[in-house]
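Reading the structure
Next come the chains, spelled out residue by residue.
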Amino acid sequence: MSLHVGTSGWAYPEWRPAFYPPGVPQSRFLEHYSGLLTACEINATFYRLQSESTVTRWAEATPPGFRFAAKVHRRLTHARALPPHEGGAEFLERFLESLTGLGDRLGAVLVQLPPTRERDDGALADLLACLPPGLPVAMEFRHDSWRAPEVEERIAAAGGTVCVAETRGAVLDRLPEGPLAYVRLRADAYPDDAVDGWRALLEREAADRPVHVFAKHEGVPADVPHAGVGLALRLVGAAA
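Calculation notes
- Residues numbered from 1 in each chain as written.
- Predicted model: local features only at pLDDT ≥ 70, side-chain atom pairs only at ≥ 80, totals over all residues.
- Heavy atoms only, no water.
- Pairing = 2+ DSSP bridges.
- Helix = DSSP H or I, 4+ residues; strand = E, 2+ residues; numbered from the N terminus.
- Contact = heavy atoms within 4.5 Å.
- Axes fitted to C-alpha atoms, helices over the stretch in contact; angles between N-to-C directions.
- Buried < 20%, exposed > 50% of the residue type's maximum accessible area, 1.4 Å probe, protein only.
- Parallel < 35°, antiparallel > 145°, perpendicular 65-115°, else oblique.
- Left-handed = near helix turned anticlockwise from the far one by under 90°.
- Nonpolar A, V, L, I, M, F, W, Y, C, P; charged D, E, K, R; others polar.

Attention now goes to the sheet that holds strand S6 (residues 161-162). If you walk across this open sheet you meet the nine strands as S6-S5-S4-S3-S2-S1-S9-S8-S7, and the pairing is parallel. Of all strands in the sheet, those with a lone pairing partner are S6 and strand S7 (164-166), marking the two edges. Examined bridge by bridge, strand S8 (residues 181-185) and strand S9 (residues 211-215) share five bridges and lie parallel to one another. Within the sheet, the bridge partner assigned to Arg 184 lies in S9 and is Phe 214. Sitting on the sheet, helix H8 (residues 192-206) touches strand S1 (3-8), S7, S8 and S9, and the angle it makes with S9 is about 150°.

Written out as structure tokens, the structure reads:
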């Protein structure tokens, strides 16, 4: 089974002492985190290109089997035009090169489009065409105009998947098509029956392809079992 579970980021001192013991320095947070969870979504890559030494250090702090998902830089997703236009192809290449230090720890790249970006089939085709073959990519659309089966099918055919961003605390019947799956659990709380439902769905999907799932982190204390890192621990515990 290839189920990778975590949160969006790990460098949260407010998770002491429920998740990070008092004696663990922040420089060792990732080491401790990766001993309990199996994946992490990196937010920092959205804001700036990371140095080779930083990315390599992240990989070295984690055990074999751990996976990172890197959020694509905002210059690529929030500019007036998507890559390859306006120098986007060149910057995309630089961005992906900046992740090489992760090696096989790189499980997915998240392309998160802004809510103002309406559906544009031509722009999507151009973007998919400039992605390297074999890149494990998930695309998160936050404008409702993108919600269509043909969009999901086109991305799956290109080797990616549509990211699920679940905000109501509900359980889906299935995950979008593709060689991988990508889920962001963003609701304020998931009751026990929803946790059980997600656990069953994720384990079923992970029997056939890599599944990456990330709980929210904003404003969720570490000792809450129905959201945030507490939810992630429950899901990864079921998968262990």
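What follows concerns the environment of Trp 58. Checked against the element boundaries, Trp 58 lands in helix H3 (residues 52-60). Here Trp 58 falls in the buried class, since its relative accessible area comes to 10%. The spacing of Trp 58 and Arg 105 is 47 residues in sequence and 9.3 Å in space, taken between C-alpha atoms. Non-local contacts of Trp 58, meaning those with residues more than four positions away in its chain, are made with Trp 10, Leu 30, Ile 42, Gln 50, Phe 68 and Leu 102.

Let us look at the packing of helix H6 (residues 121-130) against helix H7 (residues 149-157). Remark: H6 packs on H7, axes separated minimally by 11 Å, with the N-to-C direction vectors making an angle of 15°. It follows from the interaxial angle that H6 and H7 lie roughly parallel. Where H6 crosses over H7, the handedness of that crossing is right-handed. On the side of H6, the interface is formed by Asp 121, Leu 124, Ala 125 and Leu 128, while H7 contributes Val 151, Arg 154 and Ile 155. When the residues that make up the contact of H6 with H7 are grouped by side-chain class, the tally is five nonpolar, no polar and two charged.

Without other data, these values stay purely geometric and don't point to any function.
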